[in-house]
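Listed below are the residues making up each chain.
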Amino acid sequence: MAETDRVIIGVGGHAVALDAVTGAELWRTKLKSSGVVTVAVTGKRVLAGTGGEVFCLDAYTGRILWQNKLKGLGLGIVTLPGSDAAAAAAMQEAQRRSAAAGG
């Protein structure tokens, strides 16, 4: 399945992948809270923010790859990049800077 064949949404403490053509649910992953979940897709990864934490999910399976509790920052809404292109550009720029710095 290509990345454009699915839509990732955040709802009720879950990240959910839907088939972009049929709307059928492909996977559902329960996150920390039952509140608002923000999502951003970056290639094969989904970043999901809820309850003051960030989760990284596999975009094909919904499996949680890692999470960060963002200690000391509260339990509010986590904002994420607005689009795949913005997130990919930010990641590429960070990699470019790291390489230029010898990292």
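Residues numbered from 1 in each chain as written. Predicted model: local features only at pLDDT ≥ 70, side-chain atom pairs only at ≥ 80, totals over all residues. Heavy atoms only, no water.

## Description of a nonpolar patch on the surface
Short version of the rule: Two distance rules govern patches: like charges are joined within 9 Å, and nonpolar side chains (Val, Leu, Ile, Met, Phe, Trp, Tyr) within 5 Å, applied only to residues with over 30% relative accessible area and no salt bridge. In this description, accessible areas are obtained by the Shrake-Rupley approach with a 1.4 Å probe, and a residue is regarded as covered only by the protein chains that are shown. Each salt bridge in this description consists of a side-chain nitrogen of Lys or Arg and a carboxyl oxygen of Asp or Glu lying within 4 Å of one another. Each residue's exposure class comes from its accessible area (1.4 Å probe, protein chains only) as a fraction of the maximum for that residue type: buried when under 20%, exposed when over 50%, partly exposed otherwise.
A cluster of nonpolar residues, V7, I9 and V11, forms a patch on the protein surface that exposes about 210 Å² of accessible area. Given a relative accessible area of 31%, I9 falls into the partly exposed group.

## Looking at the sheet that holds strand β5 (residues 45-50)
For the record, the criterion: A pair of strands is labelled paired if DSSP reports no fewer than 2 bridges between them. Secondary structure elements are taken from DSSP: a helix is a run of H or I of four residues or more, a strand is a run of E of two residues or more, and numbering for both begins at the N terminus. Only the stretch in contact is used when a helix axis is fitted, and all axes are lines through C-alpha atoms; the angle between N-to-C directions ranges over 0 to 180 degrees.
In space, the 4 strands of this open sheet follow the order β4-β5-β6-β7, with antiparallel pairing throughout. Looking along the sheet, the strands with just one partner apiece sit at the ends: β4 (38-42) and β7 (64-68). The average angle at which neighbouring strand axes cross in this sheet is 20 degrees, direction not considered. With 4 bridges connecting them, strand β6 (residues 53-58) and β7 associate as antiparallel partners. If you follow F55 over to β7, its bridge partner there is Q67.

## Description of the sheet that holds strand β3 (residues 25-30)
Read across the sheet, 3 strands follow the order β1-β2-β3 without closing on themselves; strand pairing throughout is antiparallel. Each having just a single partner strand, β1 (6-11) and β3 make up the two edges of the open sheet. Looking at each pair of strands side by side, their axes are set apart by 15 degrees on average, direction ignored. Where β1 and strand β2 (residues 14-19) come together, 6 bridges link them in antiparallel fashion. Bridge assignment links I8 to a residue of β2, and that residue is A17.

## Section: the environment of A24
Here is the rule: Here, residues are in contact when the closest pair of their heavy atoms is within 4.5 Å.
Relative to the elements of secondary structure, A24 occurs in the loop between β2 and β3. We classify A24 as partly exposed; its relative accessible area is 38%. Considered as a pair, A24 and R6 are 18 residues apart in the sequence and their alpha carbons are 9.4 Å apart. Here A24 is in contact with A17, L18 and D19, once residues within four sequence places are set aside.

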